[in-house]
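# Structure at a glance
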Amino acid sequence: MMPVVPPAYRGRFAPSPSGPLHFGSLIAAVGSYLQAKSQQGQWLVRMEDIDKPRMQAGAADSILRTLERYQLLWDGGVWVQSQRLDRYQQVLDLLKQQQLTYACNCTRSRIQSLGQGYDGFCRDKNLTEGQLAWRLKAPATATSFTDQHAGEIQIPATLAAEDYILKRRDGLFAYQLVVVVDDMDQGITEVVRGADLIDLTSRQQALFRLLGAAAPDYLHLPLAVLEPGFKLSKQNHAPAVENWPVSETLTAVLRFLGQSPPAELIGADAKELLAWACSAWQIRQIPRQNEQKATDFL
Ligand code: GLU
């Protein structure tokens, strides 16, 4: 009898090149890398450069050079979202044909005045004129899902029930659409990323279902924060790790992820540290909380 071969593991790291890599994004890179490589899987890198106004010139290149400096070497070529606009439009058209979307011309100020969640104002208007955004008619989206690390996660009902945007009024495709199309087209078997995206997961799973594809597994890592509730991000000018000392920084990332290298690896280079981390990697050692203070590890 032929042995049953499980599908090969394919993970990914999907930075948005709106600035250089910082400690928080390095954690997502290392966590997704180790989860893939400890299972002899593939680890892909995808540049999420879809939101043009937020992109910073040279950031994509700087992110790739920094990954190389930390010996986080990806498989295959780099997948670039801005080169896939035709594909995103094709998927949007498919959803339109199935009457799963509607056009919306609500202004930003109207949406902001609603507070939480879009109210479906344009759902039955059949708008065809003017600058239109495209929204998904919220499918029956689960209000919980099972995270590979944190277990059962509850999603706020307003978020699950919202008719969210797939394409914006300014013509830009929304993260919500492209992340699913890409994870599907790249054959990703598990998404490993920061816990800031945890609440959006059931939407993404629901979109996979609408597209007739099986969703990957999801594993969320604790977020690095400055203070409770304030994640390290490009927006709050988190310092770039590109010139930080490799060994110390990688050791701090591993400790953040609950994997403490043994004393004899103090000062070891990135290759040695990653080889050790790959063989010692245990997801159950990753701290359970959604956030941890970065300065406790640096
Ligand atoms: N591009 C997103 C970010 O940099 C990550 C998206 C994802 O991993 O699904 O925050």
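Heads up: these notes are all about the structure in this document. (Residues numbered from 1 in each chain as written. Predicted model: local features only at pLDDT ≥ 70, side-chain atom pairs only at ≥ 80, totals over all residues. Heavy atoms only, no water.)

### Re the layout of surface pockets
Any space left empty among the atoms is revealed by the rolling of a water-sized probe across them. In this model, the largest pocket occupies a volume close to 1300 Å³. Forming the boundary of the largest pocket are 44 residues, of which Ser16, Arg54, Tyr175, Asp196 and Leu197 lie nearest the centre. No other element matches the four residues that helix H1 (residues 23-37) contributes to the lining of the largest pocket. Residue composition of the lining of the largest pocket, by class: 23 nonpolar, nine polar and 12 charged. In this structure, the second largest pocket spans a volume of roughly 320 Å³. Per element, the largest residue contribution to the lining of the second largest pocket is three residues, and it comes from helix H4 (residues 108-113). Considered class by class, the residues forming the lining of the second largest pocket number four nonpolar, two polar and four charged. (1 Å grid on protein atoms, 1.4 Å probe; cavity = no way out; pocket = protein on both sides within 12 Å on 5 of 7 lines; lining within 4 Å. Points joined across faces, edges and corners; volume = space filled by probe spheres on them. Helix = DSSP H or I, 4+ residues; strand = E, 2+ residues; numbered from the N terminus. Nonpolar A, V, L, I, M, F, W, Y, C, P; charged D, E, K, R; others polar.)

### Things to note about the sheet that holds strand E3 (residues 79-80)
Read from one edge to the other, the open sheet built from three strands follows the order E1-E2-E3, with strand pairing classed as parallel. Both edges of this open sheet fall to strand E1 (10-13) and E3, since each of them pairs with a single strand only. Bridge count between E1 and strand E2 (residues 42-47): four bridges; the pairing is parallel. Each bridged residue has a counterpart across the sheet, and for Arg10 the counterpart in E2 is Gln42. Across the sheet, H1 is in contact with E1 and E2; its angle to E2 comes to roughly 150°. The strands touched by helix H6 (residues 175-185) within the sheet are E1, E2 and E3, with E2 carrying the most contacts at an inclination of about 145°. (Pairing = 2+ DSSP bridges. Contact = heavy atoms within 4.5 Å. Axes fitted to C-alpha atoms, helices over the stretch in contact; angles between N-to-C directions.)

### Focus on the nonpolar core
Among the nonpolar cores identified, the biggest contains 46 residues, and Phe23, Val30, Leu34, Trp43, Leu67, Leu72 and Leu257 are the most heavily contacted of them. Where this core is concerned, the elements lending two or more residues are H1, E2, helix H2 (59-69), strand E10 (217-221), helix H8 (246-256) and helix H9 (270-280). When residues of this core are assigned to their parent elements, the largest contribution, nine residues, is made by H1. Core analysis: the second largest hydrophobic core is formed by 29 residues, Val91, Leu136, Leu166 and Phe173 among them. (Core = buried A, V, L, I, M, F, W, Y, C linked by side-chain atoms within 4.5 Å. Buried < 20%, exposed > 50% of the residue type's maximum accessible area, 1.4 Å probe, protein only.)

### Let's talk about the packing of aromatic side chains
What the rule picks out here adds up to six aromatic pairs. Both rings, one in Phe13 and one in Trp43, keep their centres 6.3 Å apart while their planes meet at 10°; by these two values the pair is stacked. Of this pair, Phe13 sits in strand E1 while Trp43 sits in strand E2, and the two are 30 residues apart along the sequence. Just as Phe13 is buried, Trp43 falls in that class too. By way of ring pairs, the aromatic residues Phe23, Trp244, Phe256 and Phe297 are connected into one cluster. Directly above the aromatic system of Trp134 lies the positively charged group of Lys96, at a separation of 4.0 Å from the ring centroid. Residue placement shows Arg110 over the ring face of Phe121; its charged tip is 3.9 Å from the ring centre. (Phe/Tyr/Trp six-rings, centres within 6.5 Å; stacked < 30°, edge-to-face > 60°. Lys NZ or Arg CZ within 6 Å of the ring centre and 35° of its normal.)

### Focus on the site of the ligand
Around the ligand sit Arg12, Ala14, Pro15, Ser16, Glu48, Tyr175, Val179, Arg193 and Leu197, and that is every residue in its neighbourhood. Contact between the ligand and Ala14: a nitrogen atom at 2.7 Å from a main-chain N or O atom of the residue. Residue Glu48 places a side-chain N or O atom 2.6 Å away from a nitrogen atom belonging to the ligand. Taking 300 Å² as the accessible area of the ligand by itself, protein coverage stands at 79%. Structurally, the ligand is housed in the largest pocket. For the shell around the ligand, the residue count by class is five nonpolar, one polar and three charged. (Near = heavy atom within 4 Å. Polar contact = N/O pair within 3.5 Å; in protein donor to acceptor, adjacent residues only side chain to side chain. Areas by Shrake-Rupley, 256 points an atom, 1.4 Å probe, with all protein chains shown as cover. Sits in = over half its atoms within 2 Å of the grid points.)

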